[in-house]
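In case you want the letters, here they are:
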Amino acid sequence: MSLLGPVLAGAPSHAQTTGPVPTPPAETAPAAGAITPPALASERARRLDELYSRLREADNPRQARVLEAQIGMLMSVSGSDTADLLMGRAQQAMQQRQADLALSLLDAVIDLQPDFTEAWSRRATFYFARREFGRAISDLENVLRLEPRHFGAMVGLGMLLQQLGDEKGALTAFQQAMEVNPHIERVPQIIQRLKPKVDGVEL
């Protein structure tokens with residue numbers, strides 16, 4: 001799971017395309033729209049329910065960090081070897097500051113696995129870095145449609161809405177993130193700064 005706040009702040013702002021998106025070998029590429037096998041999807045959903053419940057009840061930030069990492073590991077596996085391969089190449093492109101290539105790879109993953117929340121989340125990160133805020137918000141809305149408890153997407157949405165001057169919407173997003181994960185760093189301070197401003201605005 002990409003925690004959109006920290007990730008967005010560190011994403012590259014520009015890069016050059018170095019080549020076309022690699023085409024998966026025909027014998028290994030699943031059909032477009034392939035989904036995670038039902039048994040795996042069901043087990044992952046059960047495990048996520050358990051982890052999110054434990055996260056809300058975590059006693060301290062250290063325990064929360066462990067649970068966040070476990071949630072992130074589950075969310076980062078698409079169930080498709082091809083999609084996972086392309087995600088790995090997108091991550092490599094990001095590290096090499098090849099944002100255009102990374103975006104092309106993420107587009108391919110989303111076309112292949114439209115229910116893969118991590119691909120939408122990563123692509124939102126790149127759109128934010130390019131200041132394409134409308135596209136970033138649209139991708140984060142897709143993340144939250146697929147996984148309404150994705151607190152990283154909520155934090156990212158709050159940051160974007162702040163950038164656009166929507167302090168009320170930003171406050172709501174940050175508060176929702178804290179309901180899911182009460183141990184998110186820095187967000188309580190942001191809420192504390194925003195709340196007096198929003199409270200003074202007529203609804």
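Report follows, based on the coordinates. All values reported here derive from a predicted model rather than from experimental measurement.

**Some details on the overall build of the protein chain**
Across its full length, the protein chain carries 10 helices and zero strands. Ordered by position from the N terminus, the helices and strands of the protein chain form the series α-α-α-α-α-α-α-α-α-α. In the protein chain, of all internal contacts separated by at least 6 residues, the share reaching a separation of at least 24 is 65%.

**Quick word on the pattern of salt bridges**
Here the structure, examined in full by the defined rule, presents 16 salt bridges. Ionic pairing is found between glutamate 50 and arginine 47, a salt bridge with its closest N-O pair at 2.9 Å. Taken together, the residues span about one helical turn, with glutamate 50 and arginine 47 both in helix H2 (residues 38-56) at a distance of three residues. Judged by its relative accessible area of 30%, glutamate 50 is partly exposed. For arginine 47, a relative accessible area of 25% corresponds to the partly exposed category. The salt bridge partner of arginine 54 is glutamate 50, with a shortest N-O separation of 3.9 Å.

Rules used throughout
- Residues numbered from 1 in each chain as written.
- Predicted model: local features only at pLDDT ≥ 70, side-chain atom pairs only at ≥ 80, totals over all residues.
- Heavy atoms only, no water.
- Helix = DSSP H or I, 4+ residues; strand = E, 2+ residues; numbered from the N terminus.
- Contact = heavy atoms within 4.5 Å.
- Salt bridge = Lys/Arg side-chain N within 4 Å of Asp/Glu carboxyl O.
- Buried < 20%, exposed > 50% of the residue type's maximum accessible area, 1.4 Å probe, protein only.

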